[in-house]
Number of protein chains: 2
Amino acid sequence: MNKVFIVGIGPGGYEQMTIRAVRVLETCDVIIGYTVYIDLIKEYFPDKEFKSTPMKKEIERCRMAFEEASQGRRIAMICSGDAGIYGMAGLMYEIGEHFPAVQLEVITGVTAATAGAAVLGAPLMHDFCFISLSDLLTPWEKIGNRLLRAAQADFVICLYNPSSRKRYDYLEKACDLVMQYKKEDTVCGIAINIGREKEEIKIMSLKELRNTQVDMFSTVFIGNSQTKNLNGKMVTPRGYQNV
Amino acid sequence: MNKVFIVGIGPGGYEQMTIRAVRVLETCDVIIGYTVYIDLIKEYFPDKEFKSTPMKKEIERCRMAFEEASQGRRIAMICSGDAGIYGMAGLMYEIGEHFPAVQLEVITGVTAATAGAAVLGAPLMHDFCFISLSDLLTPWEKIGNRLLRAAQADFVICLYNPSSRKRYDYLEKACDLVMQYKKEDTVCGIAINIGREKEEIKIMSLKELRNTQVDMFSTVFIGNSQTKNLNGKMVTPRGYQNV
């Protein structure tokens, strides 16, 4: 059967890939992905054919994978992080409805949030939410309501896509909503360029986060009521009792 | 400096470890962990010393890691999945307060939820929450409130620790709360023994989930209002517009 693997390559370099991801890519004829991700892994798979489409041409990229697979070639579609978290897996299954002869398999990877959490300390040790601040495909009202409810229920909140040129004030807007329920001195963290060159972390209060500019290579973490700054690390205790 | 690595070994076998995790374990003198996790990887690191403590003796296990490291040995503390998601990373940082001469580094891994999502299809393509149903260290009122708010804001919900012998009816209680805001026919999924022998998935409605018995090796996914069953796969679209 014709097959496409949807492979999460992790947040950065080769070392953060799983062994299974490497082994699957080694068996494929063609590796398809956004140029930036292909550049991250290309040197480790020198005998493969690589194909790409520009940014925002995700639907075309998915179709390309199915069309190549339909010709009997073994295909890998790569995504950064995990393919199933704000990645390409969902779109591939949706477009796959039109290609019933092609089988899909998702190869899981390390997502930005867990890799970012690892460099920040241990912020995600208790219940948490992932919220994307991108309103390209989701109305802002829905995003805002999620921020409010997550803050109200004392979740740790991890923000994906916290900013872009057009959405330069979205993190500020998000913090204002969250501060309706979380204290101004809630411990927050930013992980920048996770697993890549110039990796950097910052720990600050929610009030400071509100007035901080972040870029699209940043993942933002807002603590719960128990989250602490332990010698420059962001740590959420695993429970609400003393250890 | 004396060092302890806190290493996530992924949900199951050797292939789901990252290359970095393998390389770090290869450099360590002693690998410490819960017996079940040691048994998963032991054969791949034949020349290492392995140490363990029984289940529920996590604090003793952490102290053991610091004490060994204080004697100048290079130590890895292993966890299943990612060490930073309901794992040992937080406790290690807390106990580390008493061992200032020992440096900690978290090596991220694939968490059960992303690996489970990969076998179910693509349930986590939009904003989601992780909620543990274990009330050992968290009052049930807090857990219940999180379930309600997460349902109200139309998050995809991923449940860790959905059941145990003592908490046999917690999934039922959780579904009853969630159904205050989510429809009975919301698409749900269960991933069992992820990445291990007898891996299995089930797709069902929220109403059916309420009446299903799960065990401690299961991870439960409750969809958002857009989640679909596409030919037996659980798929959440990436946005609220047509693709």
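Predicted model, so just to flag it, every value in this text is computed and none were measured.

Student: Just checking my understanding: could you explain the overall build of chain A for this structure?
Tutor: Each helix and strand in chain A was counted, giving eight helices and 13 strands. The C-alpha radius of gyration computed for chain A amounts to 19 Å, which stays within 12% of the reference 18 Å derived for 243 residues, consistent with globular compactness. Considering only contacts in chain A between residues 6 or more positions apart, those separated by 24 or more positions represent 69%. Per element, the accessible surface of chain A, about 9,900 Å² overall, is 46% carbon and sulfur. A distance of 2 Å separates the average location of the 29 positive side-chain charges in chain A from that of its 29 negative side-chain charges.

Student: In this structure, what is going on with the interface of chain B and chain A? I would like to understand it.
Tutor: Interface size, as often reported, equals the accessible area lost upon joining of the parts. Contacts between the two partners involve 68 residues from chain B and, on the opposite side, 68 residues from chain A. Approximately 6,100 Å² of surface area, both sides summed, lies buried where chain B meets chain A, with 60% of it carried by carbon and sulfur atoms. The largest share of the area that chain B buries against chain A comes from Glu15(B), Leu137(B) and Arg146(B), three residues that together contribute 12% of it. Applying the counting rule to chain B against chain A returns 12 salt bridges. Residues Lys228(B) and Glu94(A) are paired through a salt bridge, measuring 3.2 Å at the closest nitrogen-oxygen approach. For the pair chain B and chain A, the number of links is 32 residue pairs in polar contact (both at pLDDT 80 or more). Counting residues per element, the side of chain B that touches chain A draws most heavily on helix α6 (residues 140–152) of chain B, which supplies six residues. Relative to strand β7 (residues 128–132) of chain B, strand β7 (residues 128–132) of chain A is paired through three bridges, and the arrangement is antiparallel.

Student: I tried to follow the sheet that holds strand β13 (residues 233–235) of chain B on my own but got confused; where do I start?
Tutor: Strand pairs in the sheet, formed through backbone hydrogen bonds, run parallel or antiparallel to each other. The sheet built from three strands is open, its strands ordered β6-β13-β12 (chain B) with mixed pairing. Of all strands in the sheet, those bounded by a partner on one side alone are β6 (121–122) and β12 (228–230) of chain B.

Student: Before we go on, may I ask you to explain the side chain of Gln16(B) in this structure?
Tutor: Inspection of the secondary structure puts Gln16(B) in the loop between β1 (2–8) and α1 (19–27). Residue classification places Gln16(B) among the buried residues on the basis of a relative accessible area of 16%. What Gln16(B) contacts, discounting residues up to four positions off in sequence, is Thr18(A), Thr108(A), Ile9(B), Gly10(B), Pro11(B), Val110(B), Ala115(B) and Gly195(B).

Student: What exactly am I supposed to notice about the state of the cysteines here?
Tutor: Disulfide: a covalent bond formed between the sulfur atoms of two cysteine residues. Residue and element names in this part refer to chain B. Per the counting criterion, the structure on display carries zero disulfides over all chains. Looking at Cys-28, it has no disulfide partner, and the nearest cysteine sulfur is the one in Cys-79, 13 Å off. No disulfide involves Cys-62; its nearest neighbouring cysteine sulfur is the one of Cys-79, lying 8.2 Å away. Accessibility expressed as a relative area gives 0% for Cys-62, which makes it buried.

Student: Can you walk me through the relation of the copies chain B and chain A in this structure?
Tutor: Taken together, a rotation about one axis and a shift along it account for how the two chain copies relate. Laying chain B over chain A is done by rotating through 180° and shifting 0.0 Å along the axis; what remains is an RMSD of 0.0 Å. The superposition of one copy onto the other is thereby described by a two-fold rotation axis. A shared binding surface is used by both copies, with 100% of the interface residues of chain B retained as interface residues in chain A.

Student: Just to check I follow, could you spell out the UniProt feature "domain: Tetrapyrrole methylase" (unreviewed entry) in chain A for this structure?
Tutor: The feature "domain: Tetrapyrrole methylase" (unreviewed entry), as given by UniProt, occupies residues 3–209 of chain A in the numbering adopted here. As annotated, residues 3–209 of chain A comprises 35% helix and 23% strand, and the C-alpha atoms at either end are separated by 45 Å.

Student: Can you walk me through helix α1 (residues 19–27) of chain A in this structure?
Tutor: Three- or four-residue spacings in an α-helix give side chains the same orientation, since the helix completes a turn every 3.6 residues. For α1(A), the set of buried residues is Ile19(A), Ala21(A), Val22(A), Val24(A) and Leu25(A). For α1(A), the secondary structure elements touched by its buried residues are β1 (2–8), β2 (30–32), α2 (35–41), β4 (75–79) and β5 (102–107) of chain A together with α1 of chain B.

Student: Please explain the domain arrangement of chain A as it appears in this structure.
Tutor: Residue and element names in this part refer to chain A. Annotation of chain A at the domain level lists domain 1 (2–110) and domain 2 (113–235). Every contact between the two is made by 10 residues of domain 1 and, on the other side, nine residues of domain 2. On the surface where domain 1 and domain 2 come into contact, there are zero salt bridges. Where domain 1 packs against domain 2, one counts three residue pairs in polar contact (both at pLDDT 80 or more). Looking at the side of domain 1 that touches domain 2 residue by residue, the classes come out as six nonpolar, four polar and no charged.

Student: Honestly, the nonpolar core in this entry has me stumped. Any pointers?
Tutor: Generally speaking, a soluble globular protein has its nonpolar side chains buried in company with each other. Counting residues in each nonpolar core, the largest one holds 56 residues, and the members touching the most others are Ile131(A), Leu147(A), Leu209(A), Ile131(B), Leu147(B) and Leu209(B). Look past the residues within four positions of Leu147(B) in its chain and what remains in contact with it is Ile131(B), Leu133(B), Trp140(B), Ile157(B), Leu159(B), Ala174(B), Leu177(B) and Val178(B). Residues Tyr14(A), Cys28(A), Ala76(A) and Cys28(B) belong to the second largest nonpolar core, which totals 38 residues.

Student: Got a minute to help me understand the pattern of salt bridges in this structure?
Tutor: A side chain of one charge can pair with a side chain of the opposite charge if their charged atoms are brought near each other. Overall, the coordinates contain 28 salt bridges over all chains when judged by the stated rule. Its salt-bridge partner being Glu15(B), residue Arg23(A) comes within 2.6 Å of it at the nearest N-O pair. Residue Arg23(A) is found in helix α1, and its partner Glu15(B) is found in the loop between β1 and α1; the two belong to separate chains. Two residues, Arg73(B) and Glu68(B), come together in a salt bridge whose shortest N-O distance is 2.9 Å. Each of Lys3(A), Arg20(A), Arg23(A), Glu105(A) and Glu15(B) takes part in one network of salt bridges that share partners.

Student: Before we go on, may I ask you to explain the sheet that holds β1(B) in this structure?
Tutor: All names here are of chain B. Spatially, five strands are ordered β3-β2-β4-β1-β5 in an open sheet, and the strand pairing comes out parallel. Looking at which strands have only one partner, the edges of the open sheet turn out to be β3 (49–51) and β5 (102–107). On average, each strand axis in the sheet is inclined to that of its neighbour by 25°, with strand direction left out of account. Bridge count between β1 and β5: six bridges; the pairing is parallel. Across the sheet, the residue bridging to Ile-6 is Val-106, located in β5.

Student: Which parts of the structure should I look at to understand the packing of helix α6 (residues 140–152) of chain A against α6(B)?
Tutor: When two helices pack together, their arrangement is given by the angle between their axes and by how far apart the axes lie. Contact pair α6(A) / α6(B): the axes reach a minimum separation of 9 Å and the direction vectors enclose 175°. Viewed along their axes, α6(A) and α6(B) adopt a mutual orientation that is roughly antiparallel. Of the residues in α6(B), those in contact with Asn145(A), Arg149(A) and Gln152(A) of α6(A) are Asn145(B), Arg149(B) and Gln152(B). A per-class count over the contact of α6(A) with α6(B) returns no nonpolar, four polar and two charged.

Reading guide: rules and limits
Residues numbered from 1 in each chain as written. Chains lettered and ligands numbered in written order. Predicted model: local features only at pLDDT ≥ 70, side-chain atom pairs only at ≥ 80, totals over all residues. Heavy atoms only, no water. Helix = DSSP H or I, 4+ residues; strand = E, 2+ residues; numbered from the N terminus. Rg over C-alpha atoms; globule rule 2.2 N^0.38 Å. Contact = heavy atoms within 4.5 Å. Areas by Shrake-Rupley, 256 points an atom, 1.4 Å probe, with all protein chains shown as cover. Lys, Arg positive; Asp, Glu negative; His and termini not counted. Charge placed at Lys NZ, Arg CZ, Asp CG, Glu CD. Buried area = accessible area lost by both parts, 1.4 Å probe. Salt bridge = Lys/Arg side-chain N within 4 Å of Asp/Glu carboxyl O. Polar contact = N/O pair within 3.5 Å; in protein donor to acceptor, adjacent residues only side chain to side chain. Pairing = 2+ DSSP bridges. Buried < 20%, exposed > 50% of the residue type's maximum accessible area, 1.4 Å probe, protein only. Disulfide = S-S within 2.5 Å. Least-squares fit on C-alpha atoms with pLDDT ≥ 70 in both. UniProt positions renumbered as here; feature names shortened; annotations may be inferred. Domains from an automatic or database assignment. Nonpolar A, V, L, I, M, F, W, Y, C, P; charged D, E, K, R; others polar. Core = buried A, V, L, I, M, F, W, Y, C linked by side-chain atoms within 4.5 Å. Axes fitted to C-alpha atoms, helices over the stretch in contact; angles between N-to-C directions. Parallel < 35°, antiparallel > 145°, perpendicular 65-115°, else oblique.

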